[in-house]
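Summary of the model geometry
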Amino acid sequence: MDGKTSTVHMKQNGSIKKVNLFQKRPNQRDGEVKTVKMATATENDDEDDDAYLHRHSGRNELLSKSAMLLSVRKTLPVFQNRGEIMKYLNANQVTVLIGETGSGKSTQIPQFMYENLQRNSKGGSIAVTQPRRVAAINLATRVASEYGCNVGDEVGYSVRFDNTTSPKTRLKYLTDGMLLRELMMNKELKEYSVIIIDEAHERTMLTDLILGFLKSLIQGPRPDLKIVIMSATLQAETFSNFFGGCPILFVEGRKFPVTQYYLRAPTDDIVDSIIRCCVQINQGEQMGDILCFLPGQEEIDKAVMILNKVSHIIAKENSVPLMVAYPLYAALPPAKQAFVFNPVKGFKRKVIFSTNIAETSVTISGVKFVVDAGLRKVKVWRHQLGLATLLTVPISQASAMQRSGRAGRESSGKSFRLYSENDYAKLPMQTEPEIARSDVTSPVLMLKKYGVDNIVNWNWFENPGKDAVMMGLQELYQLAALDDFGKITPKGEQMSLLPVQPHLAGVLIKASEYACLSQVIDIVSCLSVENLLLNPQPEQRDEVNERRLASCNEGSKYGDLIMLKELFDIYFNELSKSTSVNSERQDWCKELCVSYRGFKNVVKIRNQLRMYCRRLFKAEELANTVGEQKHNGLDNTDKIGQSKEEIGNILKCFLTGFTKNTAIGMPDRSYRTVTTGEAVSVHPSSMLFLDKACPAIMYTEYVFTTKGYARNVSRIELSWLQEMVSPSGNVAKRKVVE
DNA sequence: AGGGTTTTTT
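Residues numbered from 1 in each chain as written. Chains lettered and ligands numbered in written order. Predicted model: local features only at pLDDT ≥ 70, side-chain atom pairs only at ≥ 80, totals over all residues. Heavy atoms only, no water.

For clarity, the threshold we go by: UniProt positions are given in the numbering used here, feature names are shortened, and annotations may be inferred rather than shown by experiment.
Under an unreviewed UniProt entry, the name given to chain A is RNA helicase, and the source organism is Huiozyma naganishii. Under Catalytic activity (unreviewed entry), UniProt gives the following word-for-word description of chain A: "ATP + H2O = ADP + phosphate + H(+)".

Structure follows, in C-alpha cells:
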C-alpha cells in the first residue's frame, strides 16, 4: 500500500522513453510548501498582514536547517530523478516539464538550475514565475531555507509592494505580472539566463502573454536564454508544439488515491443534491471534513443555512457527527474566511461550501471528501458589444480532476460528482484559456509598448482573434494611446507604465491636466481593490445602505465614484490611525460594511500611484515651466468639497476614459446606452439605484447577468458629454491602420 | 425595484 511507482517519461519527437523507479511514500509530506498565512478566526486584524517579516538567521542556524531539510528534499520524486531530468534540461533550450502535485518541481528544479549555473561559473539569474503572490512568497521562503540563506540573499522574491531581492539574488520567484513589467522595461530580460514558467496549465492571460514574448526572445535577441515550462496537467503537447516540438518530461507526484463516485441521474437542484450528499457522507463515512464546490455566493449562502439547520436535527436523532457548515468565497470578509481553516473540536464534521477559490488559491487541511456540483461562474467579454456577461457554465474535465484531487492531499479520499459519468465524459478536456474570453485592450497596449507592429499576426500563444485585437486597437485609439497610423503616442507610453487598466490610466493623465490628480488617484485606488464594498447580508442591506448614504453627502447626489472618495476621506483623514484591537477604523468599516483590509490596500495603491505620477508628469512640468508652473493637483490632498466645479472636473476626467460607458435618461425613467441604444439598469449596489432622475449616467463597468447592469455609476450632465467629446477629441470614428 | 467566479501590475 505504501510502495509507489514513481515514473519519469521522456518524450521527444514522438518517441517516448520511460524510466521506472520505485519509491516509498514518506509518512510526512512536508517537502511541499503549504499556504503560509493561515489566519485563525481569533486573530486580530490589526497587523499589516501583507508585510511578511522574514526572520533573519545566522549562518550556523541556516546551514543546520538546510541540512535538515535536505533529507526531506531527497524523498521528492523530482529530486530522485534529478540526473535524468537535468540531462534533458541541460541539453535543450526549451523543456516542458509536467510535474504532478507533490513532485517538488516548483522548489527543486530552480535550485538544480542554480547549482548548474554556479558549477559552470555562468552569470545571470533565474526567474521563476507564479500566477499568485502568495505562491511566489511561500516558495521563495521555503527554497531560501532549503538552500541555506535568508530570503533576499541568493534566493528572493518580487511581487507588487514587496520586493525582497538584493544584488546578491540569483534565484528569484516573481508573479507573472511582475515579469511582464520587467519585460516592458528591459525588453531582452538581460539579467536572466534561465526563465521558468510555473503553473502554465492555468493559462492565465499573463502567463500566455509571457510565453509569446519568450518565443520572440529566443528566436531573436536571446538565443542563449534557457526556458522551462512547468505544468501540472497533460496540456504538454500545446506547449511543446509552440516551442518547436521541444522535449516533454513527465514526473509523477505524490498524492493519495481518491475514489470517484458519480450521480446516477442528473439533478436540477444542485443545492438540494449537495445537502443530501453531505448528509449521506456524514452517516456512512469515516471522520474527515467535506469540501463542496458550488458556482456562486447565492447557492453557497443558501446551502450553509440549510445544512446548519438540518445537521442539528440529524445529529440528535442518529449518533452521527454534528456537521458545521462554513461559506468560502472571495467577497467574504477575511475574518469570516478564516473560519474554514480552524479545525472543529469534538464529535463534529466541518463542511465547507466554496466557489472555485478552493480549487487553486486556497488549500484547506483536513479535507477527506469532495462534493462537486460541476459548475463555475465565468466572465466572458463580448468585444462587439463592449460588455461582459457573467455565465454559470459546466467546468472542464481538468478542473473536475483538480477539485477531486483536493480530497487526496493528506490521505486517501473520496470524491462525489453531482453529475453522471456520461456527462463527465462530455465535458471539455481543458478550461477555455482566459485570453480567449477577455478584453485584450491592455495586452494590445503592452505589445505596442514593446514595439510590436503587427498585433493580429504576433506569435500569440493563443490568438484572441482578429475581432478582439481590432476592438482593442480601436479602444486604444479612442483613448489617444495610438495615433492614426496605429503607432503608440507619448500618452500611450505613459499609460503603459501605470499599473491600472488603460481606461483608468487615461483618466489619471486627464486628471493631471485638470489639476485634480490627487483626488482622482484616491478614487482610482479604491476602484483597483476588489471587494472593497462588501455585500451586506440581506437583513442588514437597507440599514447599511442608509448609513452609507448618510456618510456620503455628495456621493448620494453624484454617485459611486464620489462616494468612494468620501469614504476614503473619512477612513484616511477623519478616523484615528491607531491600530488597537478595536480601532476607530475597524469599527467604522464594520458599520458601513466595507473591507478594512481592502482600505489598507487602497492606501498602498494610492502611494504607488502618487509615486509613479510624480515621476511620470515631472518631465511635462519641466517642459511647461515657461512663465507659470503647471499644476497637476497632486499636492492638493484635501477632502473632497462641495464645489460643483471640483466634482464636475473629477467626473469629466473619468468621462474621457469611459466615454463609451454612458447612457441617457429616457422619459420612462430607464437608461439607454449612447453607443448602441441598449437598455441598461443601475446595479442595486449603486448609490444611484433609487435615483431615477439623472439626465445621463457614466459607469466603469457594464456586466450582463439577468439583464444589463451598470456598476460604479455616476450622474453626469448632457453638456459634459458634448464638452468632452469635442471634434478634436478622441471619439472620432476612424479606422485604425494595422 | 433588487445583486458579481477568480487572479494580477518596478
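**So, the overall build of chain A**
As a reminder of what qualifies: A run of DSSP states H or I qualifies as a helix once it reaches four residues; a run of E qualifies as a strand once it reaches two. Both are numbered from the N-terminal end. Working definition: with a 1.4 Å probe on protein chains only, accessible area under 20% of the residue-type maximum means buried, over 50% means exposed, and in between means partly exposed. Should any heavy atoms of two residues lie within 4.5 Å, those residues are counted as being in contact. Areas reported as accessible are Shrake-Rupley estimates using a 1.4 Å probe. Residue values count occlusion only from the protein chains shown.
When you go through chain A residue by residue, the secondary structure sums to 27 helices and 23 strands. Buried residues in chain A amount to 54% of all 738 residues. Within chain A, counting contacts between residues at least 6 apart in sequence, those at least 24 apart form 73% of the total. As presented, chain A carries roughly 33,100 Å² of accessible surface, and 51% of it is formed by carbon and sulfur atoms.

**With respect to the environment of asparagine 573**
In this structure, asparagine 573 sits in helix α22 (residues 560-574). Once the C-alpha coordinates of asparagine 573 and aspartate 301 are considered, the two residues, 272 residues apart in sequence, prove to be 35 Å apart. In this structure asparagine 573 touches Phe568 and Lys639, once residues within four positions along its chain are discounted.

**Some words on helix α15 (residues 441-450)**
With respect to burial, α15 is a largely interior element, 8 of its 10 residues being buried. Among all positions of α15, only Thr441, Pro443, Val444, Leu445, Met446, Leu447, Lys448 and Tyr450 are buried. Of the surrounding elements, those touching the buried residues of α15 are α6 (176-185), α7 (205-219), α16 (466-478), α17 (490-497) and α18 (502-513). One or two steps after α15, the chain reaches glycine 451, where phi turns positive at roughly 105 degrees.

**Overview of unusual backbone geometry**
Phi at asparagine 531 is positive, roughly 60 degrees, even though this residue is not glycine. Within the secondary structure, asparagine 531 is located in the loop between α19 (517-527) and α20 (541-551). With relative accessibility at 29%, the residue asparagine 531 sits in the partly exposed group. Its identity as a non-glycine residue notwithstanding, asparagine 712 has a phi of 55 degrees, on the positive side. Turning to its location among the elements, asparagine 712 is positioned in strand β23 (residues 708-716).

**Details of the domain arrangement of chain A**
Going by this rule: Where each domain starts and ends comes from a domain assignment, either automatic or drawn from a database. What gets called buried area is simply the loss in accessible area from a 1.4 Å probe that two parts show on being joined, summed for both. By salt bridge we mean one thing: a side-chain nitrogen of Lys or Arg within 4 Å of a carboxyl oxygen of Asp or Glu.
For chain A, the assigned domains are domain 1 (3-251), domain 2 (258-434) and domain 3 (498-724). Measuring from the centre of the C-alpha atoms in domain 2 to the corresponding centre in domain 3 gives 36 Å. For the pair domain 2 and domain 3, the summed buried area comes to about 1,000 Å², and 55% of that belongs to carbon and sulfur atoms. Of all residues in domain 2, Ala331, Pro334 and Leu387 bury the most surface against domain 3, accounting for 35% of the area lost on that side. Seen at the junction of domain 2 and domain 3, the total is 1 salt bridge.

**A short note on the packing of aromatic side chains**
So the rule is basically this: Aromatic pairs are defined between Phe, Tyr and Trp rings, using the six-membered ring for Trp, whenever the two ring centres lie within 6.5 Å; interplanar angles under 30 degrees are classed as stacked, those over 60 as edge-to-face, and all others as tilted. The criterion is that NZ of a Lys, or CZ of an Arg, lies within 6 Å of the ring centre and within 35 degrees of the ring normal, and then a charge sits over that ring.
In the structure shown here, the tally under the stated rule is 16 aromatic pairs. With centroids separated by 4.9 Å and ring planes inclined at 10 degrees, the aromatic side chains of tyrosine 261 and phenylalanine 416 adopt a geometry described as stacked. Here tyrosine 261 is found in strand β11 (residues 258-262), whereas its partner phenylalanine 416 is found in strand β18 (residues 413-417), with 155 residues between them in sequence. Taking the relative accessible area as the measure of exposure, tyrosine 261 reaches 32% and is therefore partly exposed. With a relative accessible area of 12%, phenylalanine 416 lands in the buried category. Each member of the aromatic cluster is reached from another via a ring pair, and the members are Phe213, Tyr450, Trp458 and Trp460. Above the face of the phenylalanine 242 ring, lysine 215 is positioned so that its terminal group lies 4.3 Å from the ring centre. Above the plane of the ring of phenylalanine 572 lies lysine 577, whose end atom (NZ or CZ) is 5.2 Å from the centre.

**Description of the nonpolar core**
For clarity, the threshold we go by: Think of a nonpolar core as a cluster: buried Ala, Val, Leu, Ile, Met, Phe, Trp, Tyr and Cys residues, connected wherever their side-chain atoms sit within 4.5 Å.
If you look at the biggest cluster of nonpolar residues, it comprises 112 residues, and the most contacted ones within it are Ile229, Val520, Trp588, Phe599 and Phe654. Considering every element that reaches this core, the biggest residue donor is α22, with 9 residues. The residue makeup of this core includes at least three contributed by each of domain 1 (3-251) and domain 3 (498-724). Aside from chain neighbours lying at most four places away, what touches phenylalanine 599 is Cys526, Leu532, Leu567, Phe568, Tyr571, Trp588, Cys589 and Val594.

**Let's talk about the protein's contact with DNA strand B**
Which entries qualify depends on this criterion: Nearness here has a simple test: a residue counts as near a molecule or strand if at least one of its heavy atoms is within 4 Å of that partner. A 3.5 Å cut-off defines polar contacts: any pair of N or O atoms within that distance qualifies, except that in protein one atom must be a possible hydrogen donor and the other a possible acceptor, and neighbouring residues in sequence count only when both atoms are side-chain atoms. Only Asp, Glu, Lys and Arg are considered charged in this grouping, and only Ala, Val, Leu, Ile, Met, Phe, Trp, Tyr, Cys and Pro are considered nonpolar; every other residue, Gly among them, is considered polar.
Looking at DNA strand B, there are 40 residues lining it, with Met185, Ala330, Arg541, Thr705 and Arg711 nearest. Among atoms of DNA strand B positioned within 4 Å of the protein, sugar and phosphate together represent 54%. Separating a phosphate oxygen of DNA strand B from a backbone N or O atom of glutamine 297 is a distance of 3.3 Å. In this structure, threonine 705 approaches DNA strand B through a side-chain N or O atom, which is 2.5 Å from a phosphate oxygen. For the surface near DNA strand B, the secondary structure elements donating two or more residues are α6, β16 (375-382), α20, α24 (596-616) and β23. The leading source of residues in the surface near DNA strand B is α6, at 4 residues. Residue composition of the surface near DNA strand B, by class: 16 nonpolar, 12 polar and 12 charged.

**A closer look at the sheet that holds strand β13 (residues 322-328)**
As a reminder of what qualifies: At least two DSSP bridges between two strands are needed for those strands to be called paired. The axes are straight lines fitted to the C-alpha atoms, using for helices just the contacting stretch, and the angles between their N-to-C directions are given from 0 to 180°.
Within the open sheet, the 6 strands sit side by side as β11-β18-β15-β12-β14-β13. Their pairing is parallel. Edge positions in the sheet fall to β11 and β13, since each of these pairs with one other strand and no more. Going across the sheet, the axis of each strand differs from the next one's by a mean of 20 degrees, ignoring polarity. Two elements, β11 and β18, share 5 bridges in a ladder whose sense is parallel. Note on β18: the bridge partner recorded for glutamine 260 is serine 415.

**Looking at the packing of helix α9 (residues 270-284) against helix α10 (residues 297-317)**
To keep it simple, the criterion reads: The sense of a crossing depends on the near helix, which, turned anticlockwise from the far helix by less than a right angle, makes the crossing left-handed and, turned clockwise, makes it right-handed.
Between α9 and α10, the shortest axis-to-axis distance is 10 Å and the interhelical angle comes to 35 degrees. Crossing geometry of α9 relative to α10 is assigned as right-handed. Between α9 and α10, the contacting residues are Ile270, Val271, Ile275, Cys278, Val279 and Gln283 on the first element and Glu299, Lys302, Ala303, Ile306, Leu307, Val310 and Ile314 on the second. Across the contact of α9 with α10, the residue classes break down as 10 nonpolar, 1 polar and 2 charged.

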